[in-house]
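Chain and residue survey
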Amino acid sequence: MTQYLIKNGFVYDPVTGIRGDRADVAIKDGKIVESSDLDKSARTIDARGKTVMAGAVEIHAHVAGPKVNVGRIYRPEDKLFTYQAKKGIQRMHGGYSVPTTFKTGYAYAKMGYTTVMEAAMPPLYARHVHEEMRDTPIVDEGAFPVFGNNWFVLEYLKNRELDNVSAYIAWLLKATKGYAVKIVNPGGTEAWGWGLNCLQVTDPVPYFDVTPAEIVTGLIEANEHLGLPHSIHIHGNNLGNPGNYTTTLDTLKLAEGYTANNRFGREQVMHHTHIQFHSYGGENWGNFESKAREVADYVNKHDNITIDIGFVTLDETTTMTADGPFEHHLTELNHLKWANVDVELETAAGVVPYVYSPAITVCGVQWAIGLELALLNKDPMRAYITTDHPNAGPFTRYPRIWKWLMSAKARSQQIEAFKNSSKVVAASEIASIDRELTLYELAAMTRAGPAKALGLSQMYGGLAPGLEADVVVYNFNPETDDPMLIENAVSNAWALFKTGVQIIKDGEIVSNGNKRTLWVHAKVPENPQVMRDIREKFLKYYTVTERNYEVEGRSFIPNPYPIEVEAPA
Amino acid sequence: MTKLVTDVICPFCGTLCDDLEIEVSDDGKKVTGVYNACAIGAEKFLHSAAADRVTRPRMQQADGSYKEVSYDEAVEYAARVLANAKKPLMYGWSSTSCEAQSKGHEIAELVGAVVDNTATVCHGSTLIALQDVGIPSCTLGEIKNRADRILFWGCNPAHAHPRHMSRYSIFPRGFFTGKGHKGRKMIVVDPRVTDTAKLADVHLQVEQGRDYELLSALRVAIRGNKLPDVVAGIRKERIYEAADLLKSGRFGIIFFGMGVTQSLGKNHNIDEAIMLTKDLNDYTKFSIMAMRGHYNVTGSGEVLGWQYGYPFCVDLSRGFARYNPGETSSNDLLVRGEVDAVFVIGSDPGAHFPISSVRKIAELPSVAVDPHITPTTEISKLHVPVAFVGVEVAGCCYRMDNVPIESRKVVEPPEGMLTDEEFLERVLQRVKELKAEQGAAAAAAKGKVTA
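Residues numbered from 1 in each chain as written. Chains lettered and ligands numbered in written order. Predicted model: local features only at pLDDT ≥ 70, side-chain atom pairs only at ≥ 80, totals over all residues. Heavy atoms only, no water.

Quick word on the overall build of chain A
The cut-off we apply is this: Helix and strand definitions here come from DSSP, where helices need a minimum of 4 consecutive H or I residues and strands a minimum of 2 consecutive E residues; each element is numbered from the N-terminal end. Here's how the labels work: a residue is buried when its accessible area is under 20% of the maximum for its type, exposed when over 50%, partly exposed in between, all with a 1.4 Å probe on protein chains only. Any two residues whose heavy atoms approach within 4.5 Å are treated as being in contact. The Shrake-Rupley method, run with a 1.4 Å probe sphere, supplies the accessible areas, and residue values consider only the shown protein chains as cover. This count recognises Lys and Arg as positive and Asp and Glu as negative, with His and chain-terminal groups excluded. Positions of charges follow a simple convention, taking NZ of Lys, CZ of Arg, CG of Asp or CD of Glu.
Across its full length, chain A carries 17 helices and 24 strands. Across its three principal axes, chain A shows a C-alpha extent of roughly 65 × 55 × 45 Å. With 569 residues in all, chain A has 69% of them scored as buried. The contacts in chain A between residues at least 6 apart in sequence include a share of 78% that link residues at least 24 apart. Surface exposure of chain A reaches about 17700 Å², of which carbon and sulfur atoms provide 49%. Averaged over its 55 positive side-chain charges, chain A has a centre that lies 6 Å from the centre of its 67 negative ones.

Printed below as a string of structure tokens:
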């Protein structure tokens, strides 16, 4: 394997604590090594005047699977003006808010991302998710199966059978080759099976008679009992509604008293995703306002919680979530086309296009809330950059978010451009915040932080010797002190290495790499009760047989990377 | 001694029953028994052992007769036809695996083909409608476990999807539907008294071609607004009754077939059916689902969707993907004489396209990849028989509700036969070589001109 020495770049790496010093990064056999470990055959990359970071880690995006493909198929208009012809090793690719699989891989790579997590995998459709991930080049990927509305989980929790929940989680992760425990609108999506919802953490789930709070705490306990790499990954109840920040605080409080139990270096017991959508004040869309400070204050004070933001990027996009009732609510609001899929025994999903228009006050306030949450946050290792792609905006806007976070000037330009800028300013704090994040903080929010929260800090997120050689070089000179240049630089990595293979050279994609699929193999003691329940549910209620449910075979996961976990008896 | 293979997928219709048990001879070469399948599915498995099966490629001769050729010759011919064409049509894909579809798309990108599947003459109008208005849907298990209102519109599952009603929609007892069919109300909308209609609680015998009117009337009726005395041949009282029946359910579904996708109104009918479903969600929970025909037509749409962003009619001839049904759909291309070669796999346009299109296929350089002898293979210049997907080779398939299921291999194909994927892989490699030669020749010619 070729060795590389990336010389004299400005290095930003929270893992080794390098804050923009000129340093060399050495790559050998797919890993980061000390420069002295290289032999004479190493190729030298002159990164003088450029910014060097570890490959970025995406903790939450919707990039593969059934609802993503519904988004692609039912929005031909999303492909207008975006298509790129086949070029070199690149397949033809296109799409804006829901890019094709090929474009997904290339576009992430161009921004310096090397690991991407698909944030919601309906277990029955796991095969589809893996088929799409197989066709997504370059980036390592994993997928989170959804558990928060699963009948097994609901029934076990109704009876407080936590051992059974753990055994079932272990079985489902293996059957779907999934990575973590995802929860979307706990209980509410099951209620949606009857056209209903659970808006508060105390609303009982129809028939199953458990509450969202019981689902969340039960899954925290099971997750920590198993010692999984990632914590529970939750999208709470009552998403997107004015006044919902109280529900969010109620949800976050459920984590109080729990501490992380794992061997992967993860410290949180709850990751709350796209928290921007959950930090709303007001009683209706007329008096809608930011409650970012209340939510950020709570998160700052509780270090067993991590969040990602879900920045609104002011684009036309495609919303998609396993929160089925929310998408119905949204289509009633904007009267655009609505797709919905209820998945037997497991979950549901909805898809609705959306336009975050700078002419609409609410959209401007949503934009402000995302930035406030990041700027009011005190620990960049616990708050991560996402757009909940494509829900609050396409992931290709991350560089623009960097610009807004790094430059108060860029923010005030945007505030001035809002049609109702005085209303946006009145309903938020954004205009009074002058904090400007540094590249070091942004490296924590996009690399070291998410890698640690995912339990992957032993592989990704930093430039310490022994980590995977995922390294990006941006053509940005931090000494210029002009963050307005950052968007273009971060959109077009000058060089990228993935496990030691050069993917981007002089800004051009030159390799598809050898992407891996990460999944968690949790080994638990044999649980005959759970195995019997699984057999019975498949015989009576599923429409596929148990044997046909499991994702197997190399064609689905050509390059699997299982992470082994031994659960205690 | 025989052995039994269980959990086998039926590679016939979009119902994709996955509980088949196939009895196989001890040497693993012959299917000796098929259990749990419908008559059509069983025949598909048994046909693999037919004595008259074609096992080697055949090339049409000048006099119309066929001459057996080797797979090498078949690969060479197919690769040359595709590489030399300016705009070949690569049609079908619905009766093969997603792996083969994916391989075929690689070829299509290289040669600038139009990739279209059988939806173009089937549920293409449904796909256009869901691009207009979306689609609230669900998996078939939701119907089994929750649904108490089932509406079949312009479809006849009793004959076309024989196990649909017993596995998913009418008869099964599910979690919240312990009474089975006794707890469900069944409505059929069909101008004919089909075997499905005979089972229904309510049969609305719509006037032929008046589906749009009846769908609109139902939307009016569920809101409690006024109707004319008769709509689409049905008295208004019956329409109000049907509307009340739909609204009063806890969970309902509309299944619709080609009786409404390809009759007068086409995608507009489906627009209206989807909007009726959306309206019903203001009162109760309702879904809608297309009764997809081929066992993996859904898979073709999915693979095209994630690779190119469009589910059918994908034109790659300009070096990027374009989509414009009516322009980039197979029949329009054939009738206008816009394609100069035809490659068919996993379908039978010879039996289902208008005769004007079939004549065009017969005139053009053409390849048909199909295990059977079909009207298409009989008009194509080259017929390449392959192993049966789901019988002799495994591969991923998508059910009508988009649920992916891996089909199983139960017997060995006849000796020396290729699978779809293997054949396409060999064509791909040869096309790459030919394209490299063409590129080199073009560069040399350009050099001469410049000199």
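Structure's up, so let's keep going.
Description of the state of the cysteines
Residue and element names in this part refer to chain B. The criterion, for reference: The disulfide definition used here is simple: a pair of cysteine sulfur atoms within 2.5 Å.
This model, assessed by the stated rule, comprises zero disulfides over all chains. Of the cysteine sulfurs around Cys 98, a residue in no disulfide, the closest is that of Cys 396, at 4.6 Å. Considering cysteine sulfurs only, Cys 155 is the nearest to Cys 138, which forms no disulfide, with 14 Å between them.

Observations concerning the environment of B:Ile361
Residue and element names in this part refer to chain B. When you line up the elements, Ile 361 lands in helix α16 (residues 355–363). The class of Ile 361 is buried, set by a relative accessible area of 1%. Placed 40 residues apart in sequence, Ile 361 and Ala 321 show a C-alpha to C-alpha distance of 23 Å. Those residues in contact with Ile 361, other than ones at most four positions away along the chain, are Leu 334, Val 342, Pro 349, Phe 353, Ser 366, Ile 379 and Lys 381.

What about the interface of chain A and chain B?
Definition in use: In short, buried area is how much 1.4 Å probe accessible area vanishes from two parts on joining, totalled over both. The term salt bridge refers to a side-chain nitrogen of Lys or Arg lying within 4 Å of a carboxyl oxygen of Asp or Glu. Identification of polar contacts relies on pairs of N or O atoms within 3.5 Å, with a donor-acceptor requirement for protein atoms, meaning one able to donate a hydrogen and the other able to accept it, and with residues adjacent in sequence counted only if both atoms are side-chain atoms.
Listed by partner, the interface residues are 55 residues for chain A and 64 residues for chain B. Approximately 5100 Å² of surface area, both sides summed, lies buried where chain A meets chain B, with 54% of it carried by carbon and sulfur atoms. The largest contributions to the chain A side of the interface with chain B come from A:Ile73, A:Met92 and A:Trp194, which together make up 14% of the buried area. At the boundary of chain A with chain B, the tally comes to five salt bridges. Among the ionic pairs, B:Lys285 bridges to A:Asp342, the shortest N-O distance being 2.3 Å. Applying the counting rule to chain A against chain B returns 37 residue pairs in polar contact (both at pLDDT 80 or more). Contributing elements (two or more residues each) for the side of chain A that touches chain B: α1 (66–73), α2 (101–110), α3 (126–134), α4 (151–158), α6 (188–192), α10 (324–334) and β16 (338–343) of chain A. Ranked by the residues each element gives to the side of chain A that touches chain B, the list is headed by β16(A), at six residues.

Quick look at the side chain of A:Thr517
All names here are of chain A. When you line up the elements, Thr 517 lands in strand β23 (residues 517–523). Overall, the relative accessible area of 4% leaves Thr 517 in the buried class. Sequence-distant contacts of Thr 517, that is, excluding residues within four places in its chain, are made with His 130, Met 133, Glu 141, Ile 557, Asn 559, Pro 560 and Tyr 561.

Describing the sheet that holds strand β18 (residues 341–345) of chain B
Residue and element names in this part refer to chain B. Quick note on the threshold: Being paired, for any two strands, means DSSP has found at least two bridges between them. Only the stretch in contact is used when fitting a helix axis, every axis being a line fitted to C-alpha atoms; angles between N-to-C directions are given from 0 to 180 degrees.
Strand order in the open sheet formed by nine strands is β5-β4-β20-β19-β18-β6-β7-β16-β17, and the pairing between neighbours is mixed. Sheet topology places β5 (66–68) and β17 (322–323) at the edges, where each strand pairs with a single neighbour. Bridging between strand β4 (residues 58–60) and strand β20 (residues 382–384) involves two bridges; their strand directions are antiparallel. For Met 59, the partnering residue across the bridge sits in β20 and is Leu 382. Each of β4, β6 (88–92), β18, β19 (366–369) and β20 touches helix α2 (residues 71–84); the most contacted strand, β20, lies at about 125 degrees to it.

Some words on the pairing of strand β21 (residues 395–398) of chain B
Two faces make up the sheet, and in a regular strand the side chains alternate between them. All names here are of chain B. The two faces of β21 match: Gly 395 and Cys 397 on one face and Cys 396 and Tyr 398 on the other face are all buried. Sheet topology places β21 next to strand β22 (residues 404–407); four bridges connect them, and they run antiparallel. Residue Tyr 398 lies in a different strand from β22, and its bridge partner there is Pro 404. Hairpin geometry of β21 and β22 is characterised by an intervening segment of five residues between the two adjacent antiparallel strands and by a positive phi of about 70 degrees at Asn 402.

Concerning the pairing of strand β17 (residues 347–355) of chain A
Residues and elements named next belong to chain A. Among the nine residues in β17, eight count as buried, and that is most of the element. Pairing between β16 and β17: five bridges, direction antiparallel. Across the sheet, Ala 339 pairs through a bridge with Val 351, a residue of β17. Hairpin geometry of β16 and β17 is characterised by an intervening segment of three residues between the two adjacent antiparallel strands and by a positive phi of about 65 degrees at Leu 345.

As for unusual backbone geometry
Residue and element names in this part refer to chain A. In this structure, Pro 390 follows His 389 across a cis peptide bond, with omega equal to -5 degrees. Checked against the element boundaries, Pro 390 lands in the loop between β18 (383–384) and α12 (398–406). A positive phi is found at Tyr 207, a non-glycine position, where the angle reads about 65 degrees. Following the sequence through the fold, Tyr 207 ends up in the loop between α6 and α7 (212–226). The phi dihedral of His 274 is positive, around 25 degrees, even though this residue is not glycine. Here His 274 is to be found in the loop between β11 (270–272) and β12 (280–281).

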